Structure formats: C-alpha cells, structure tokens
Amino acid sequence: MGYTKAEILKALKGEGVKFLRLQITDILGVVKNVEVPESQFEKALDGEIMFDGSSIEGFTRIEESDMLLRPDYNTFVILPDQVEDPSRGRVARLICDVYYPDGRPFEGDPRYVLKRQIERLKRLGFDNMYAGPEPEFFLFLRTPEGLPTVETHDKAGYFDLAPIDKGEEARRDMVNALVAMGFEIEASHHEVAPGQHEIDFKYADALTTADNIATFKWVVKRIALNHGLHATFLPKPIRGINGSGMHTHLSLFKDGENAFFDPKAEYQLSQIALHFIAGLLEHAAGMVAITNPLVNSYKRLTPGYEAPTNIAWSASNRSAMIRIPARRGVGTRAELRMPDPSCNPYLALAVMAAAGADGIERKLLPPPPIQRNIYQMSVREKRKHKIRELPGTLREALEALKKDPVIQEALGEHVYTHFLQAKQMEWDDYRVTVHQWELDQYLAVY
Ligand code: ADP
Ligand code: MG
Ligand code: MG
Ligand code: MG
Ligand code: MG
C-alpha cells in the first residue's frame, strides 16, 4: 500500500468522506476512537490532533494527559456501507501511534511495544516476524431489548423457519465487509460448537496482523449487531463446550526467505526455528497472562477441548501448545495454540516476538517434540518428558509473569505495571465474588 498524504486527502474528497476516525488500542486491548470532521482532516493527517490520554483507563496520569495521534498512512481505509451507515456522511479510518507533545513515542502505546520487538528482530538480521491468526467467536442471540445472551440460534428452535442459518448469513456479510476493507480472507467456517465460527485471514508482518486483529474484532461485532446477534470473543462462554481460541501461526523471514525452513535438517526445521520454538516454550508461562488475559481464559485451557494445558511442542499433534503444521518451504511455521481472541493483539504478538528473540539470542534448543496425544499421558510420563503445565488460573499466570524479566522488559515498565495492577484487581474482584456454583453446591447442604 503506502499512501501519501496527498493521495489520502484526494480519496477523502473524492469519496465524499465526512468523518475521519483515528483508531488506537488501550492496554487491555479495547479499541478507542477519536473522530474528527472534514475541517480537521489536514491537521489529523499531520499528526496534530490531541486527545486526553487520562480518559483512557491505565493510559496516562492526569499530569501528562495531552497526547498526540500520529496516523499510520498504510492503515487508511474508507469504511464500507455495511460497517458504517453512510447516511450522515461516509467515514474513513486511520490507525494511529501515540506520541507525547514533545515528539517522543508514548511507552504506554501497545503499538509501540510491538514495534520495539520487531526492531529487535530486525537487529538480529530478520526482515520481520510474520503472523497468521485464526480467531474464533460465538454468535449469540440478543433479547428483544438488545441484551446479549448465551443462546445460540443453532439450538433455538423458534428460528427454524428462517430459510438459511442466521449465523452463516451474518458470517458471509462479515467476510464481504472485511474484503471491502482490504482483508485477504483465506477461509471461514462453522466451528465445533453450536453458534461458533472462525474466519482466517492471510498472514502478514506482525504489526499489520495486530492492526488487522484489532479491526477484525470490532467489524465482526458491528456486522453481528446488524443481524440482531451478539458476537463475542469471550474465550469460554459455555461450560462443557469448546471455547474460542486464536491460534497464531508464526515465522521469521530473512532476505525474503522463510528462515524456519531448512530442507536438509531434521524435520526440515532450521536452527533458527528450533531456537524460536525453544524461546516460546521457555517463556510460555510468563507470557500467558498477555495471550490469555481474562479470568475466563483459563476455563478454556482445560483438557479435552483441543486447547493446550501443557508446555510442549509437536510436529503434528493438536494437543501440544506448539504444533508445526506439515507445510514446508515458504509456509514453514510454528502454530502457537494457547492464545485466545480476548488478548490485546499488539501485546500478544510483542511477547511472542520477545520470547522467540530470546531463544535466538541465547541459542536455546527445545526438547524432542512430543508425537503422542499429551492428554492421554500419565503424570509420570509427562514428568519423564519434562512437560510442564501452563498456569491454570489468571492468578498463576500473573505470578509467572512476575518471574519473567524477559517478558516484563518486552512490555516495558509502563505497560507491565499498569497491566499487572489492572489484572490483579480483576482477580481479586473475582476471588471475593460468591458464584452461582457455590450456592448450587453448598447452600442446601451446609
Ligand atoms: P489450521 O490448520 O491450524 O486450522 P489454518 O489453515 O486455518 O490453520 O490457518 C493457517 C494460518 O497460517 C493462516 O492465517 C495463514 O495465512 C497462516 N500462515 C501461512 N503461512 C504462514 C507463514 N509462513 N507465517 C505465518 N503464518 C502463516
Ligand atoms: Mg483454522
Ligand atoms: Mg484450517
Ligand atoms: Mg478453529
Ligand atoms: Mg489452528
């Protein structure tokens, strides 16, 4: 792509755009927008729009609240009609980096955190890290008042009169809208659970992919709403039914070639690939709070639902945390299977890059891959293969993060402290809440 300012101004005018939406993502992964009208377009493109950083949870303190939004011209897109009703004027979107008024990049900006890790990989001689995500989500019915439920239409008999599946229809609209916004959709399909869907888009460099995931999530929610449905990226909305993950495929390229591929090596995986995999294994526990950030995330990471619970890698088996898909050559990659779509995509890809880079810098090597179904292994067998478990709760994940200086450093002081503080409060609030389960189990008995 690579638009210039003049080209963007011309497109805005030519397409009759009336509003420009400046998009950023906060530390907890929530997309925030500042919208400016036509009269401010030039100023916005010059990166001179100010916003109050303290209005965003965990972003800045009151004393340093004025922040600048500097748009990345590569992210320019005019929003299609299905996404933004054009009756009040068309809307365009630019993703921004956040700067201090004096021109320094803001350390609390997740996009900056990811950029720093990409720079690190570039210093190690790589062109970039490439990432391809497989986000899953549920489509649930809304009540007549518009409130989300956990009822899926697949089950709800009273919609049987509809000529085709409401969810399939909505998903096709999502794909059409995303394609109109420049996404290359590789596949979209119904998932294992009723009401569950997956849309896969083509891998790209890590920053583009993080931008794509952030955009993908609000577009999917918006289109679902158009259909009277609620799209949720909550990892485990219903007990006993597969949760929603976001498997992430990763590779490094060097001089335009896939640096994970070595046709002569064992498994045809290069030393670089092995170091990278070893780094992911080494820091899995420390980074899982970032890739799986909710109390609810750990209810998906339980045995029996194709979600990993053990820190291991495999050349094929889907029970392992890292799977190496069979493709070789340009498609050689590692699939990290624990992340879920509630994560902040910028921070998640940043910690994956940091873990891999640490493996490369320290020349770490992974243990032999596990080819068997790990769910069927005994505790003793797991111990023999030195297979550790992933943290089982958000609290354990936060404890592991506190013990991992490599991941802390990748996040940077600002993001690390704000993230930890917010998540500790979240855990404490959960811990003191009396849940329905406790009443069901105990109230009548004790
Ligand atoms: P699965 O077999 O686990 O369901 P999918 O085929 O659904 O995997 O998804 C594969 C993902 O991997 C896609 O997003 C695709 O673009 C991505 N991918 C392909 N090649 C590479 C690569 N070299 N590096 C990173 N991601 C890649
Ligand atoms: Mg898939
Ligand atoms: Mg697939
Ligand atoms: Mg899937
Ligand atoms: Mg997968």
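Criteria and cut-off values
- Residues numbered from 1 in each chain as written.
- Chains lettered and ligands numbered in written order.
- Predicted model: local features only at pLDDT ≥ 70, side-chain atom pairs only at ≥ 80, totals over all residues.
- Heavy atoms only, no water.
- UniProt positions renumbered as here; feature names shortened; annotations may be inferred.
- Helix = DSSP H or I, 4+ residues; strand = E, 2+ residues; numbered from the N terminus.
- Rg over C-alpha atoms; globule rule 2.2 N^0.38 Å.
- Buried < 20%, exposed > 50% of the residue type's maximum accessible area, 1.4 Å probe, protein only.
- Contact = heavy atoms within 4.5 Å.
- Areas by Shrake-Rupley, 256 points an atom, 1.4 Å probe, with all protein chains shown as cover.
- Lys, Arg positive; Asp, Glu negative; His and termini not counted.
- Charge placed at Lys NZ, Arg CZ, Asp CG, Glu CD.
- Domains from an automatic or database assignment.
- Buried area = accessible area lost by both parts, 1.4 Å probe.
- Salt bridge = Lys/Arg side-chain N within 4 Å of Asp/Glu carboxyl O.
- Donors = N, O, S within 2.8 Å, 3.2 Å for Na, K, Ca; no water.
- Patch = residues over 30% accessible without salt bridge, like charges linked within 9 Å, V, L, I, M, F, W, Y side chains within 5 Å.
- Near = heavy atom within 4 Å.
- Polar contact = N/O pair within 3.5 Å; in protein donor to acceptor, adjacent residues only side chain to side chain.
- Core = buried A, V, L, I, M, F, W, Y, C linked by side-chain atoms within 4.5 Å.

- You'll find the chain entered in an unreviewed UniProt entry as Glutamine synthetase, with Thermus arciformis given as the organism.
- On record in UniProt, under Subcellular location (unreviewed entry), the comment for the chain is "Cytoplasm".

1. Digging into the overall build of the chain
Next, step 1: Counting its regular elements, the chain contains 12 helices and 18 strands.
Next, step 2: Relative to the globule expectation of 22 Å for 446 residues, the C-alpha radius of gyration of the chain, 22 Å, shows essentially globular dimensions.
Next, step 3: The buried share of the chain, reckoned over its 446 residues, is 54%.
Next, step 4: Excluding contacts between residues fewer than 6 apart, the proportion of contacts in the chain whose partners are at least 24 apart in sequence is 69%.
Next, step 5: Of the roughly 20300 Å² that the chain leaves accessible, carbon and sulfur atoms contribute 52%.
Next, step 6: Mean positive and mean negative side-chain charge positions of the chain (54 and 62 charges, respectively) differ by 5 Å.

2. Things to note about the domain arrangement of the chain
Next, step 1: Looking at the chain, the domain boundaries give domain 1 (5-108) and domain 2 (115-417).
Next, step 2: Between domain 1 and domain 2 the total buried area reaches about 1600 Å² when both faces are included, carbon and sulfur atoms providing 56% of it.
Next, step 3: Of all residues in domain 1, Ile27, Gln82 and Val83 bury the most surface against domain 2, accounting for 31% of the area lost on that side.
Next, step 4: Put simply, domain 1 and domain 2 have 2 salt bridges between them.

3. Observations concerning the coordination of the magnesium ion (ligand 5)
Geometry sets the ideal angles at a metal, namely 109.5 degrees for four tetrahedral donors and 90 or 180 degrees for six octahedral donors.
Next, step 1: Every protein donor of the magnesium ion (ligand 5) is accounted for by Glu134 (OE), His247 (ND1) and Glu335 (OE), and the metal-donor separations fall at 2.0 to 2.4 Å.
Next, step 2: All donor residues of the magnesium ion (ligand 5) come from one chain, and their arrangement in sequence is E-x112-H-x87-E.
Next, step 3: Metal-to-metal, the separation of the magnesium ion (ligand 5) and the magnesium ion (ligand 2) is 4.4 Å; Glu134 coordinates the two. In this pair, Glu134 is assigned in strand β7 (residues 128-141) and Glu335 in strand β17 (residues 334-336), connecting sequence segments 201 residues apart. Like Glu335, Glu134 is buried.

4. Things to note about a nonpolar patch on the surface
Next, step 1: Taken together, the side chains of Trp437, Tyr442, Val445 and Tyr446 present a nonpolar region at the surface, about 540 Å² in accessible area.
Next, step 2: Following the sequence through the fold, Val445 ends up in the segment after α12 (436-443).

5. A look at the UniProt feature "binding site: L-glutamate" (unreviewed entry) in the chain
Next, step 1: The UniProt entry lists Asn242, Gly243, Arg300, Glu306, Arg318 and Arg337 under the feature "binding site: L-glutamate" (unreviewed entry), expressed in the numbering used here.
Next, step 2: For Asn242, the position within the fold is in the loop between β11 (229-232) and β12 (246-254).
Next, step 3: Classification of Asn242 by relative accessible area gives buried; the value is 17%.
Next, step 4: Ignoring any residue separated from it by four or fewer positions in sequence, one finds Asn242 in contact with Phe138, Val192, Ala193, Gln196, Lys236 and Tyr305.
Next, step 5: Inspection of the secondary structure assignment puts Glu306 in the loop between α7 (297-300) and β14 (310-311).
Next, step 6: Given the relative accessible area of 45%, Glu306 is considered partly exposed.
Next, step 7: Here Glu306 is in contact with Arg318, Arg337 and Tyr375, once residues within four sequence places are set aside.

6. Description of the site of ligand 1
Next, step 1: The environment of ligand 1 is formed by 20 residues, the closest being Glu134, Glu186, Asp200, Ser251 and Glu335.
Next, step 2: Between ligand 1 and the protein, one listed contact pairs an oxygen atom with a side-chain N or O atom of Glu186 at 2.9 Å.
Next, step 3: Take Asp200: an N or O atom from its side chain is 2.8 Å from an oxygen atom of ligand 1.
Next, step 4: Protein contact buries 83% of the 580 Å² of open area that ligand 1 shows by itself.
Next, step 5: Of all the secondary-structure elements, those providing two or more residues to the shell around ligand 1 are β7, β9 (196-201) and β12.

7. Looking at the coordination of the magnesium ion (ligand 4)
Next, step 1: Protein coordination at the magnesium ion (ligand 4): the donors are Glu136 (OE), Glu191 (OE) and Glu198 (OE), at 2.0 to 2.2 Å from the metal.
Next, step 2: Expressed as a motif, the donor residue spacing for the magnesium ion (ligand 4) is E-x54-E-x6-E.
Next, step 3: Here the magnesium ion (ligand 4) and the magnesium ion (ligand 2) are spaced 4.3 Å apart, linked through Glu198, which binds each one. Of this pair, Glu136 sits in strand β7 while Glu198 sits in strand β9, and the two are 62 residues apart along the sequence. For the residue pair Glu136 and Glu198, the accessibility class agrees, reading buried in each case.

8. Some points on the UniProt feature "binding site: Mg(2+)" (unreviewed entry) in the chain
Next, step 1: The UniProt record annotates "binding site: Mg(2+)" (unreviewed entry) at Glu134, Glu136, Glu191, Glu198, His247 and Glu335.
Next, step 2: The topology assignment puts Glu191 in the loop between β8 (185-190) and β9.
Next, step 3: Residue classification places Glu191 among the buried positions, given a relative accessible area of 16%.
Next, step 4: Setting aside its immediate chain neighbours within four residues, Glu191 contacts Glu136, Gln196, His197 and Glu198.
Next, step 5: Residue classification places Glu335 among the buried positions, given a relative accessible area of 1%.
Next, step 6: In this structure, Glu335 is in contact with Glu134, His247, Thr248, His249, Met321, Ile322, Arg323 and Pro325, ignoring residues within four places of it in sequence.

9. Some remarks on the nonpolar core
What tends to happen in soluble globular proteins is that the nonpolar side chains get buried as a cluster.
Next, step 1: Within the largest apolar cluster, 94 residues are counted, with the highest numbers of intra-cluster contacts made by Met129 and Ile322.
Next, step 2: No other element matches the 12 residues that helix α6 (residues 271-291) contributes to this core.
Next, step 3: A domain split of this core shows at least three residues from each of domain 1 (5-108) and domain 2 (115-417).
Next, step 4: Excluding residues that lie within four positions of it along the chain, Met129 makes contacts with Ile118, Leu121, Ala204, Asp205, Ala206, Leu250, Ser251, Leu252, Phe276, Leu349 and Ala353.
Next, step 5: Counting residues in hydrophobic clusters, the runner-up holds 24 residues, among them Val17, Leu22, Ala44 and Leu45.

10. Topic: the pattern of salt bridges
Next, step 1: Summed over all chains, the structure comprises 23 salt bridges.
Next, step 2: Here Lys5 makes a salt bridge to Glu42, at a shortest N to O gap of 2.9 Å. Of this pair, Lys5 sits in helix α1 (residues 5-14) while Glu42 sits in helix α2 (residues 41-45), placing them 37 residues apart in sequence.
Next, step 3: With a relative accessible area of 45%, Glu42 lands in the partly exposed category.

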